[in-house]
Amino acid sequence: MKHIVLSCNENYARYAAVLVHSVVKNSTGKFAFYIITNSFSTKTTDALQKFGEAIAPHTLNICTIDTTSLDALPSLNGNKATYFRLFLSRVLPPEVATCLYLDTDMLCTGDISPLFETNLEGALCAAVRENAKRSREFLAPLSPNLPRIKFNASYFNAGVLLIDLKKWREERVEEQLLHIVQNYRLVFHDQDALNAVLKSRVKILPFEWNFFASAFFYPIARDVRRKFYVNYTQSELLSAASNLRLVHFLHADKKPWQNAFVAFFRGEFVGQKWWREARETPVFGGLLKEPKMRFEVKFGLFVLREFGSWRGIFGLPFATFRFARETNLAACFKTLDEPNSEIYNTASEVGRAVFETLWRVKNGGLKGRLKAFSLWFRVRNIKKRIEKFGRI
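Residues numbered from 1 in each chain as written. Predicted model: local features only at pLDDT ≥ 70, side-chain atom pairs only at ≥ 80, totals over all residues. Heavy atoms only, no water.

When its secondary structure is counted, the chain shows 14 helices and 15 strands. Against the 2.2 N^0.38 benchmark of 21 Å for 392 residues, the chain shows a C-alpha radius of gyration of 22 Å, consistent with a compact globule. By the burial criterion, 55% of the 392 residues in the chain qualify as buried. Across the chain, the fraction of contacts at a sequence separation of at least 24, relative to all contacts at a separation of at least 6, is 78%. Split by element, the accessible area of the chain, about 18000 Å² in all, is 50% carbon and sulfur. Counting 56 positive and 37 negative side-chain charges, the chain places the averaged centre of each group 9 Å from the other. (Helix = DSSP H or I, 4+ residues; strand = E, 2+ residues; numbered from the N terminus. Rg over C-alpha atoms; globule rule 2.2 N^0.38 Å. Buried < 20%, exposed > 50% of the residue type's maximum accessible area, 1.4 Å probe, protein only. Contact = heavy atoms within 4.5 Å. Areas by Shrake-Rupley, 256 points an atom, 1.4 Å probe, with all protein chains shown as cover. Lys, Arg positive; Asp, Glu negative; His and termini not counted. Charge placed at Lys NZ, Arg CZ, Asp CG, Glu CD.)

In structure tokens:
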């Protein structure tokens, strides 16, 4: 029996079910799933119980915890569910020696059973490197009586954690983590706490075990350019892309339930992979409604079409001023066709860049308005970068 832990609140329970279904569908072996929460409604609890029956012989356990110790902590996206994973050692049975923690905004695309066979070599857990460059930074204490904590070069993403639960309990890691989150100024919430406590006691995993969806947009490896977006080498990135196991929809605009067309990769939208699994998920499949193409992508397509030539250097800044006066941009472009798959990633980035510039034009005074005149160059640089690096 392989033990997998997830954590979520009421709003994310349906996405947790999609992830569990994708694991069961794509992996071999028997799994016991544990969902840590502070509370679920009766309706959601009943739905999860029915879902658990549907995935038998695998099991699903709902673990409700007391989170009053987290009341003073800053929230992430309006809730504190990200901290629930800190309590995993108290909810799993004492006889469980190893467990795998997974963030709910993920999709299993391959067999993850081999991950449980990883030799931790004395480490407390195994994880994938984070792309954020935190190794040279410090975690600042809330009290002058406490020391600063420096991160090391192995700063990892906490979305996938293969944990030696026996050592975790023996070394009272949960108590150390709670001390950090309650007494230090966190930037990446409990991920900072995990890195502060575990430090060098982490085995670094290949990228395929926690492949960030943003890497489909920014596939620049650390040995290709100084300003890299993937904290792995080019060969490691290509190997991971050819052997995807777990895709992580990290960023707010990359969640497939908000953007069904997340990232085009080798003939298919990755967001559509998630929706294919979602529609097949027992109980919850019928509760999920697929969103339409995000407007900024259509807007990006419009900009690429109308201002992609050299003449755009003259037209785009003035068009930006015109757009900034519009009260309903969506109505202006409602007739635009959806972007074809080949230019989706480019259109998505361009649309976001234009919206950022529009905000500056509207709210940044003269300095903000001057930004409009550099927008064409920004669009050009996005296109050039994707032409050079944007294919995995």
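Having seen the model, we can carry on.
All right, on to the packing of helix H1 (residues 13-26) against helix H8 (residues 270-280) then. The relative placement of two packed helices is expressed as an angle between their axes plus a distance between the axes. Where H1 contacts H8, the two axes come as close as 9 Å, and the packing angle between them is 95°. With respect to H8, the axis of H1 lies roughly perpendicular. Touching Tyr15, Val18, His21, Ser22, Lys25 and Asn26 of H1 are Trp274, Glu277, Ala278 and Glu280, all from H8. Within the contact of H1 with H8, the residues separate by chemical class into four nonpolar, three polar and three charged. (Axes fitted to C-alpha atoms, helices over the stretch in contact; angles between N-to-C directions. Parallel < 35°, antiparallel > 145°, perpendicular 65-115°, else oblique. Nonpolar A, V, L, I, M, F, W, Y, C, P; charged D, E, K, R; others polar.)

The next subject is the nonpolar core. Ranked by internal contacts, the top residues of the largest apolar core, which has 94 residues, are Ile4, Phe207, Phe211, Phe216 and Trp274. If one sorts the elements of this core by residue count, H1 sits on top with eight residues. Discounting chain neighbours no more than four positions away, the residues touching Phe216 are Phe211, Leu244, Val247, Ala263, Phe265, Val270, Asn345 and Ile392. Core analysis: the second largest hydrophobic core is formed by 45 residues, Ile36, Ala81, Cys99 and Leu178 among them. (Core = buried A, V, L, I, M, F, W, Y, C linked by side-chain atoms within 4.5 Å.)

This next bit is on the sheet that holds strand E8 (residues 149-150). With respect to topology, three strands assemble into an open sheet ordered E8-E7-E10, the strand pairing being antiparallel. Two strands close off the open sheet at either side, each with one partner strand: E8 and strand E10 (184-185). Here strand E7 (residues 138-141) pairs with E8 via two bridges, running antiparallel. Each bridged residue has a counterpart across the sheet, and for Leu139 the counterpart in E8 is Ile149. (Pairing = 2+ DSSP bridges.)

Turning our attention to unusual backbone geometry. The step from Ala56 to Pro57 runs through a cis peptide bond, and the omega angle for that step is 15°. Mapping Pro57 onto the fold places it in the loop between helix H2 (42-54) and strand E3 (59-64). Phi at Arg172 takes a positive value of approximately 50°, unusual for a residue other than glycine. Its place among the elements puts Arg172 in the loop between helix H4 (165-170) and helix H5 (173-183).

The next thing to look at is the pattern of salt bridges. Tallying each qualifying case throughout the model produces 15 salt bridges. The residue Lys25 makes a salt bridge to Glu280 at a minimum N-O spacing of 2.9 Å. Taken together, the residues Lys25 in helix H1 and Glu280 in helix H8 connect sequence positions 255 residues apart. We classify Lys25 as partly exposed; its relative accessible area is 42%. Classification of Glu280 as partly exposed rests on a relative accessible area of 42%. Here Glu290 makes a salt bridge to Arg279, at a shortest N to O gap of 2.8 Å. Linking Glu290 in the loop between H8 and helix H9 (295-307) with Arg279 in helix H8, this pair joins segments that are eleven residues apart in sequence. Among the residues examined, Glu290 registers a relative accessible area of 31% and is labelled partly exposed. Residue classification places Arg279 among the partly exposed positions, given a relative accessible area of 48%. (Salt bridge = Lys/Arg side-chain N within 4 Å of Asp/Glu carboxyl O.)

On to a positive patch on the surface, then. Residues Lys133, Arg136, Lys150, Arg225, Arg226, Lys227, Arg380, Lys384 and Lys388 make up a contiguous surface patch of positive charge. Looking at the positive patch, the element that brings in the most residues is helix H14 (residues 375-389), giving three residues. In this structure, Lys388 sits in helix H14. (Patch = residues over 30% accessible without salt bridge, like charges linked within 9 Å, V, L, I, M, F, W, Y side chains within 5 Å.)

Turning our attention to the sheet that holds strand E2 (residues 31-37). Pairing in this open sheet of seven strands is mixed, and the strands run E3-E2-E1-E4-E9-E6-E11 from one edge to the other. The open sheet has two edge strands with one neighbour each: E3 and strand E11 (202-204). Shown here is a sheet whose adjacent strand axes are inclined to one another by a mean of 25°, direction ignored. Two strands pair when backbone bridges link them, and strand E4 (residues 98-102) and strand E9 (residues 156-164) are joined in this way by five bridges, in the antiparallel orientation. Across the sheet, Leu100 pairs through a bridge with Leu162, a residue of E9. Against the sheet, H1 makes contact with strand E1 (2-7), E2 and E4, and its axis sits at roughly 165° relative to E2, the strand it touches most. Against the sheet, H2 makes contact with E2 and E3, and its axis sits at roughly 155° relative to E3, the strand it touches most.

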